[in-house]
Amino acid sequence: MEDKNIFGKLLAIVPGLAIMVGTLFVLRVYVEPWMSQVTLFGYKGWLVKVMSLNYIVMSILLGMFYRNVLFGGKIPGWAEDGFRTTRLFIKIGVIMLGSLYTFDKLLKVGGVAITLIVAFVFGTAIFILWLGKRLNADRSVSSVMAAACGVCGVSASVATAPGVRAKPVDLALCIATILGFGIASMFVSPYIGKLLNMSDYQFGAWVGTGILNSGQVLATCLAFNPIFAPGTAVAYGEIWNVVRVISIPFVVFFITAWYWKNEAAVERVSLSSIIASKFPIFVIGFVGMTALSSLHILGAEGSETLRVIREVMAWVFGVGLVGLGAYIDVREIKAAGGTPLKIGLIAGLLKYLLALIIILAFIPKEGAF
Amino acid sequence: MSDKKKSLTVFKTDRHEDIAAIIASAIIVAIVLIYMAFVVPSVNLNAQQDGKLTEVFVAEGATVKKGDKLYSLEVVKKKWKDNVMEEKHVIQEFTAKANGKVLKIAGKIGDKVKKDKGLIIQLSHQRGTLP
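Please read all numbers here as calculations on a predicted model, not as lab measurements.

For chain B, the count of helices and strands is two helices and eight strands. Tracing chain B from N to C terminus, the helices and strands come up as α-α-β-β-β-β-β-β-β-β. In terms of C-alpha radius of gyration, chain B reaches 22 Å, well past the compact-globule figure of 14 Å for 131 residues. With respect to the three principal axes, the spread of C-alpha positions in chain B is 65 × 45 × 25 Å. In chain B, 65% of the contacts between residues at least 6 apart in sequence involve partners at least 24 apart.

Printed below as a string of structure tokens:
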């Protein structure tokens, strides 16, 4: 398996990828249009319009069903490589989302996004380090949790773990906690947003601030409003998401520097080396796509060309989101417990609710673009 | 379980995955642009919003330039203003996005149209431009 040549590797991807693409095809082409026509409780399209059961949510649910029911908790070897393209599809989608903006639009909301993200990311990290001390948690546990709840779920906690010498079991507990929290917020947030009559701008800003994982931010925004266009929830949420992802190396450095304070025997690394190794360079692709859009190279707003690009983007994301669902292992979430669960739930909920209050109080419903 | 099996990516590292994502998105966009500019001979312009067709500004066979008005729709425009959703009936004009020729006018004034459904105008575009 390990010695496959490039063609062997590509071939190994096919079965899992075929399941992901096939699932999305059936959901988008047959299931969602059928559900939009079904009348329930006297309301045509109740399942899609009221319950937000669009193809995005169904993709994730079906992915979860594959892993946890059909495959008995583990993606089988023959499909594993295909499902491991999940993050690739989400990253391609994020880069293509850059086509929704021009630099002047980014500048309009960029300041608000940076202010909120920096305040929440570092505020959460500092709060968790303090809370960990109060709860007598191991310093490495607090550090990993601070990274996980502060900035970007799994990526940041995995990136921080070696620097703060976290044990694998602690890392697993932290990941289980934040995954459980992220999944719950992913399904609940669209209903809260509709209940509170939030605008796309407010919802994107809230979800981008309060949810911890790129895929989950995008899925939640698309569950709220499945349209890919400037001024929609996903367009605003992604700006927040990109700012948060960019902050990963800085938060990792901040937390590891805090850990080093009382540890003499750890290998210290510089901020520049952390940036060099951890900076998510796919963000450069996102900026590049925004540059093309700003120069009107991708076609005029309202053109058929942009419509086709956005249609392709929707398919790319959809495939990634089937995979995202398939990476949700219910047994892993059940394993959450102990101090990481306490810290994660307190900090995660506080961040989620505080972000909601601040957004409702200070962010107008009227979008910036 | 090997490290490879634990990995969430098919690539050697996350960095490789990032680079692959940039390359793949560039290829996808390039394919769409080339396809639209050089392969597609004409495009069907469906309504971009739900509404009522109020005017068609061009005739079949007419040559249009980028920016020329094609048709207008009466649409309900929703906009948040002072934290209240305002709904206004407005006439919105839609323009040509590239130089070309009107092949067919299928929409009739007064037709109620649904977003992305129902052809209004079929337009050929100059080769190498993005319709």
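Moving on to the overall build of chain A. What chain A contains, in helices and strands, is 17 helices and two strands. Since a compact globule built from 369 residues should have a radius of gyration of about 21 Å, the 21 Å found for chain A is in line with a globular shape. Overall, the C-alpha framework of chain A stretches about 65 × 50 × 45 Å when taken along its three principal axes. Taking the intrachain contacts of chain A between residues at least 6 apart in sequence as the baseline, contacts between residues at least 24 apart amount to 80%. Accessible area of chain A: about 14900 Å², with a carbon and sulfur share of 71%.

Here we take up helix H10 (residues 214–224) of chain A. Counting along an α-helix, one turn takes 3.6 residues, and residues three or four places apart therefore face a common direction. Residues and elements named next belong to chain A. Across the 11 residues of H10, 11 count as buried, placing the element largely inside the fold. Within H10, the full set of buried residues consists of Ser214, Gly215, Gln216, Val217, Leu218, Ala219, Thr220, Cys221, Leu222, Ala223 and Phe224. One side-chain oxygen at the N-terminal end of H10 lies 2.9 Å from the backbone nitrogen of glycine 215; it belongs to asparagine 213.

Let us look at the pairing of strand E6 (residues 100–105) of chain B. All names here are of chain B. Pairing analysis gives two bridges linking strand E3 (residues 63–64) to E6, with the strands arranged antiparallel. For valine 64, the partnering residue across the bridge sits in E6 and is glycine 100. Direction of pairing for E6 relative to strand E8 (residues 119–125): antiparallel, over a ladder of five bridges. Residue isoleucine 105 lies in a different strand from E8, and its bridge partner there is isoleucine 121.

All right, on to the environment of alanine 326 of chain A then. Residues and elements named next belong to chain A. In this fold, alanine 326 is placed in helix H15 (residues 304–326). Classification of alanine 326 by relative accessible area gives buried; the value is 1%. Separated by 267 residues in the primary sequence, alanine 326 and serine 59 have C-alpha atoms spaced 9.5 Å apart. Discounting residues that sit within four places of it in the chain, alanine 326 has contacts with Gly63, Met64, Arg67, Ile75 and Phe83.

Facing the 46 residues of chain A at the interface are 38 residues of chain B. Summing both sides of the interface, chain A and chain B together bury roughly 3500 Å²; the carbon and sulfur share of this comes to 63%. In this assembly, chain A and chain B are joined by four salt bridges. A salt bridge links lysine 91 of chain A to aspartate 18 of chain B; its shortest N-O distance comes to 2.6 Å. The interface formed by chain A and chain B holds 13 residue pairs in polar contact (both at pLDDT 80 or more) in total. Residue assignment for the side of chain A that touches chain B shows that the elements contributing at least two residues are helix H4 (77–83), helix H5 (86–97), helix H13 (271–278), helix H14 (282–294) and H15 of chain A. Among the residues making up the side of chain A that touches chain B, the classes are represented as 24 nonpolar, nine polar and 13 charged.

So, on to the sheet that holds strand E5 (residues 84–95) of chain B. Residue and element names in this part refer to chain B. Overall, antiparallel pairing links the four strands, which are arranged E5-E4-E2-E7 in an open sheet. With partners counted over all chains shown, the strands left at the sheet margins are E5 and strand E7 (112–113), one partner each. Bridge analysis of strand E4 (residues 69–81) against E5 gives 12 bridges, and the strand direction is antiparallel. Each residue of the ladder has a partner; that of tyrosine 71, found in E5, is phenylalanine 94.

Once that is clear, we can look at the packing of helix H1 (residues 6–37) of chain A against H15 of chain A. All names here are of chain A. Direction vectors running N to C along H1 and H15 enclose 120°, while the axes themselves pass 9 Å from each other. Classified by the interaxial angle, the pair formed by H1 and H15 is oblique. As H1 packs across H15, the resulting crossing turns out to be right-handed. Across the interface between the two elements, Leu17, Met20, Val21, Thr23, Leu24, Phe25, Arg28 and Val29 from H1 touch Glu311, Ala314, Trp315, Gly318, Val319, Val322 and Gly323 from H15. Residues of the contact of H1 with H15, tallied by class, amount to 10 nonpolar, three polar and two charged.

To continue, consider the environment of glycine 67 of chain B. All names here are of chain B. On the secondary structure map, glycine 67 appears in the loop between E3 and E4. Owing to a relative accessible area of 44%, glycine 67 belongs among the partly exposed residues under this scheme. Through-space distance from the C-alpha of glycine 67 to that of alanine 98 is 7.4 Å; in sequence the pair is 31 residues apart. Ignoring sequence-local partners within four residues, the contact set of glycine 67 consists of Thr95 and Ala96.

All right, on to the side chain of threonine 256 of chain A then. All names here are of chain A. Residue position: threonine 256 is located in helix H12 (residues 248–260). Overall, the relative accessible area of 4% leaves threonine 256 in the buried class. Only 3.1 Å separates the side chain of threonine 256 from the backbone oxygen of phenylalanine 253, close enough to count as a polar contact. With near-sequence residues (within four places) excluded, threonine 256 lies in contact with Thr160, Gly163, Val164 and Ile274.

All names here are of chain A. Its place among the elements puts leucine 100 in the loop between H5 and helix H6 (103–134). Distance from leucine 100 to tyrosine 236, taken between C-alpha atoms, is 9.8 Å for residues 136 residues apart in sequence. Non-local contacts of leucine 100, meaning those with residues more than four positions away in its chain, are made with Lys105, Phe228, Ala229, Pro230, Ala235 and Arg310.

Let us look at the confidence of the model for chain B. All names here are of chain B. Of the residues in chain B, 95% reach a pLDDT of 70 or more, and the chain-wide mean stands at 89. Taking the mean pLDDT of every element in chain B, the minimum, 48, falls on helix H1 (residues 3–6) and the maximum, 95, on helix H2 (residues 14–39). Here residues 1–5 is modelled with pLDDT under 50, and outside its nearest four sequence neighbours on either side it reaches 10 contacts, counting other chains as well. Overall fold confidence (pTM) sits at 0.86, and the ipTM for the predicted complex is 0.89.

What follows covers helix H9 (residues 200–210) of chain A. The buried fraction of H9 of chain A amounts to 11 of the 11 residues, a majority that puts the element mostly inside the structure. Looking at the buried side of H9 of chain A, the elements it contacts are H6, helix H8 (168–195), H10, helix H11 (233–246) and helix H17 (338–362) of chain A.

Rules used in this analysis
- Residues numbered from 1 in each chain as written.
- Chains lettered and ligands numbered in written order.
- Predicted model: local features only at pLDDT ≥ 70, side-chain atom pairs only at ≥ 80, totals over all residues.
- Heavy atoms only, no water.
- Helix = DSSP H or I, 4+ residues; strand = E, 2+ residues; numbered from the N terminus.
- Rg over C-alpha atoms; globule rule 2.2 N^0.38 Å.
- Contact = heavy atoms within 4.5 Å.
- Areas by Shrake-Rupley, 256 points an atom, 1.4 Å probe, with all protein chains shown as cover.
- Buried < 20%, exposed > 50% of the residue type's maximum accessible area, 1.4 Å probe, protein only.
- Polar contact = N/O pair within 3.5 Å; in protein donor to acceptor, adjacent residues only side chain to side chain.
- Pairing = 2+ DSSP bridges.
- Buried area = accessible area lost by both parts, 1.4 Å probe.
- Salt bridge = Lys/Arg side-chain N within 4 Å of Asp/Glu carboxyl O.
- Nonpolar A, V, L, I, M, F, W, Y, C, P; charged D, E, K, R; others polar.
- Axes fitted to C-alpha atoms, helices over the stretch in contact; angles between N-to-C directions.
- Parallel < 35°, antiparallel > 145°, perpendicular 65-115°, else oblique.
- Left-handed = near helix turned anticlockwise from the far one by under 90°.
- pLDDT = per-residue confidence, 0-100.

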